[in-house]
Amino acid sequence: MRKTVYFVEGDGIGPEIWGVTRVLLDKALEKSGCGGAIEWKEILAGEKAFKETGSYLPQETLETLRHAEYAIKGPLGTPVGGGIRSINVAFRQALDLYACIRPITYFEGLETPVKHPERVDMVVFRENVEDVYMGVEFMAGSPEAKRLIAFLREELGVKAAIEPDSAVGIKPMSARNSKRLIRKAIQYALDSGRPSVTLVHKGNIQKFTEGGFRQWGYDLAAEEFSGRWVPEEEAENAGGRLVLKDRIADNMFQQVLAKPELYSVLATPNLNGDYLSDALAAQVGGLGIAPGVNMSDTLAFYEATHGTAPRMAGKDIANPGSLILSGALMLERMGHVDAARRVRSAIAKAVALKKLPTDLARTLPGAQTLGCRAFGDLLGENL
């Protein structure tokens, strides 16, 4: 069945990497016997949208996506000194894209900062609409900050010595949003045969927000997945059932470096997931090969996980790998498994040939550096 996919080119290097990605995805579908399976339709966001409409995120774009099933975007910048706080965060909140999903895997042959990158095979499920990213904060010295500090002290009896000139932020975390993210992570692990889900939190200090995330995870598992999982202390008797673990966030950073093979699916609050997914990407070669998708219950919105790199824009030196691999995830979800496999294999072959974009080639002795378009052409040949 032909699917409509809405695309945003993105800012900075976005148009370059999107152009390469679109051609490659179409070629992969054609090679797998599914040519024409996607109808591409452009929608506007970011700098291009601002130039054409006066808005960085036009209402028309949001209305289109509210009725869409698939979308994909290049990186989007955040205006400096004014305008929208973050286009990416605005998309997530307006469209209820509550799950950010980042698979982290290694392509054999890439140079990385760790000794055994091949041991990293994780999928991060990051809660995407609340936590500190809600943006509820007040400037230091502002009347709002002063009123909130006074309210905390006088009405709620907070004893902490909050300096009167502090900036103040609120960190909302709810059972509803935490549970639906963890539900998605557990269901994914069960469906894909992965051995464990680990809840990552800072509940030893933030007992009611991050501690709540942990507890809501165990409550959900007991309520909805009874008989299909065991707690970590019973792992030896799991008998094929899912093992549910939890780790304090700072310890988790040590774990993914020292013992990554012990972890499979991570479920995290918003900020923890932001940190961890980028750190894990660095362990396998960087954001240039890190795909991602933001999902609601109706829309899967795939994206490049890196920034706009404005200094590289227009120079044909960007790495399109992140957006290409996000496109492969999209093909897979659509049921075009062979086309997705071809895309990943094409990248693996390019690594084996040591013909790579600048960011990957400069870390690999003897590698040949290819421009963005040339790399796309090579991947097309490798399909």
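In this report, we go over the structure that sits alongside the text.

Scoring rules and cut-offs
Residues numbered from 1 in each chain as written. Predicted model: local features only at pLDDT ≥ 70, side-chain atom pairs only at ≥ 80, totals over all residues. Heavy atoms only, no water. 1 Å grid on protein atoms, 1.4 Å probe; cavity = no way out; pocket = protein on both sides within 12 Å on 5 of 7 lines; lining within 4 Å. Points joined across faces, edges and corners; volume = space filled by probe spheres on them. Helix = DSSP H or I, 4+ residues; strand = E, 2+ residues; numbered from the N terminus. Nonpolar A, V, L, I, M, F, W, Y, C, P; charged D, E, K, R; others polar. Phe/Tyr/Trp six-rings, centres within 6.5 Å; stacked < 30°, edge-to-face > 60°. Buried < 20%, exposed > 50% of the residue type's maximum accessible area, 1.4 Å probe, protein only. Salt bridge = Lys/Arg side-chain N within 4 Å of Asp/Glu carboxyl O. Pairing = 2+ DSSP bridges. Axes fitted to C-alpha atoms, helices over the stretch in contact; angles between N-to-C directions. Contact = heavy atoms within 4.5 Å. Parallel < 35°, antiparallel > 145°, perpendicular 65-115°, else oblique. Left-handed = near helix turned anticlockwise from the far one by under 90°.

## Observations concerning the layout of surface pockets
Inference 1: Taken as a whole, the largest pocket encloses approximately 610 Å³ of empty space.
Inference 2: Along the wall of the largest pocket there are 22 residues; nearest its centre are Ile101, Pro103, Tyr188, Leu329 and Glu332.
Inference 3: Mapped by element, the contributors of at least two residues to the lining of the largest pocket are β4 (99-104), β5 (122-127), α6 (175-192), β12 (291-295) and α10 (321-334).
Inference 4: No other element matches the five residues that α6 contributes to the lining of the largest pocket.
Inference 5: Across the lining of the largest pocket, the residue classes tally to 12 nonpolar, three polar and seven charged.
Inference 6: Its boundaries defined by the atoms lining it, the second largest pocket holds a volume of some 380 Å³.
Inference 7: Contributing to the lining of the second largest pocket are 19 residues, with Asn88, Arg92, Asp274, Thr305 and His306 lying nearest its centre.
Inference 8: Counting only elements with at least two residues in the lining of the second largest pocket, the list comes to α4 (87-94), β4, α9 (270-284) and β13 (300-304).
Inference 9: Ranked by the residues each element gives to the lining of the second largest pocket, the list is headed by α4, at three residues.
Inference 10: Tallied by class, the residues present in the lining of the second largest pocket amount to six nonpolar, six polar and seven charged.

## Observations concerning the packing of aromatic side chains
Inference 1: Summed over the entire model, instances satisfying the criterion amount to six aromatic pairs.
Inference 2: For the pair Phe7 and Trp18, a centre-to-centre distance of 4.9 Å together with 20° between the ring planes defines the contact as stacked. Of the two residues, Phe7 sits in strand β1 (residues 3-8) while Trp18 sits in helix α1 (residues 14-31), which places them 11 residues apart along the sequence. The pair Phe7 / Trp18 is uniform in exposure class, with both members buried.
Inference 3: Taking 4.4 Å as the distance between ring centres and 15° as the angle between the ring planes, the aromatic pair formed by Phe50 and Tyr56 counts as stacked.

## Considering the pattern of salt bridges
Inference 1: In the structure shown here, the tally under the stated rule is 20 salt bridges.
Inference 2: The shortest N-O distance in the salt bridge between Arg126 and Asp274 comes to 3.7 Å. Taken as a pair, Arg126 in strand β5 and Asp274 in helix α9 lie far apart in primary sequence, 148 residues in all.
Inference 3: Judged by its relative accessible area of 4%, Arg126 falls in the buried class.

## A few points about the sheet that holds strand β3 (residues 70-73)
Hydrogen bonds along the backbone pair up the strands of a sheet, which may run parallel or antiparallel.
Inference 1: Here 11 strands make up an open sheet; going across it, the order is β2-β1-β3-β13-β12-β4-β5-β11-β8-β10-β9 and the pairing mixed. Each edge of the open sheet is held by one strand with a lone partner, namely β2 (38-42) and β9 (229-231). The sheet shows a mean angle of 25° between the axes of neighbouring strands, taken without regard to direction.
Inference 2: Bridging between β4 and β5 involves six bridges; their strand directions are antiparallel. Residue pairing across strands places Ala99 opposite Glu127, the latter belonging to β5.
Inference 3: Running over the sheet, helix α8 (residues 249-258) touches β5, β8 (196-201), β10 (242-248) and β11 (265-268) and is turned about 115° from β10.
Inference 4: Lying over the sheet, α10 contacts β1, β2, β3, β4, β12 and β13, oriented at roughly 160° with respect to β13.

## Regarding empty space enclosed by the protein
Inference 1: Tallied over the full model, the rule gives two cavities of 30 Å³ or more.
Inference 2: As a volume, the largest cavity reaches approximately 40 Å³.
Inference 3: Residue lining of the largest cavity: Gly288, Ile289, Asn319, Gly321, Ile347, Val351, Leu356, Leu360 and Phe375, and that is the complete set.
Inference 4: Considering only residue class, the lining of the largest cavity consists of six nonpolar, three polar and no charged.
Inference 5: Looking at the second largest cavity, its volume works out to about 30 Å³.
Inference 6: What lines the second largest cavity is simply Pro103, Ile104, Thr105, Ala281, Val284, Gly286, Ile289, Ala290 and Pro291.
Inference 7: Listed by contribution, the elements that provide at least two residues to the lining of the second largest cavity are β4 and α9.
Inference 8: Classifying every residue of the lining of the second largest cavity gives seven nonpolar, two polar and no charged.

## A short note on the packing of α6 against helix α7 (residues 210-224)
Inference 1: Interhelical geometry of α6 versus α7 gives an angle of 60° and a closest axis separation of 9 Å. In terms of axis orientation, α6 runs oblique to α7. Crossing handedness for the pair α6 and α7: right-handed. Residues Ala175, Ser178, Lys179, Leu181, Ile182, Arg183 and Ile186 of α6 lie in contact with α7, whose contacting residues are Phe213, Trp216, Gly217, Asp219, Leu220, Ala221, Glu223 and Glu224.
Inference 2: When its residues are assigned to classes, the contact of α6 with α7 shows eight nonpolar, two polar and five charged.

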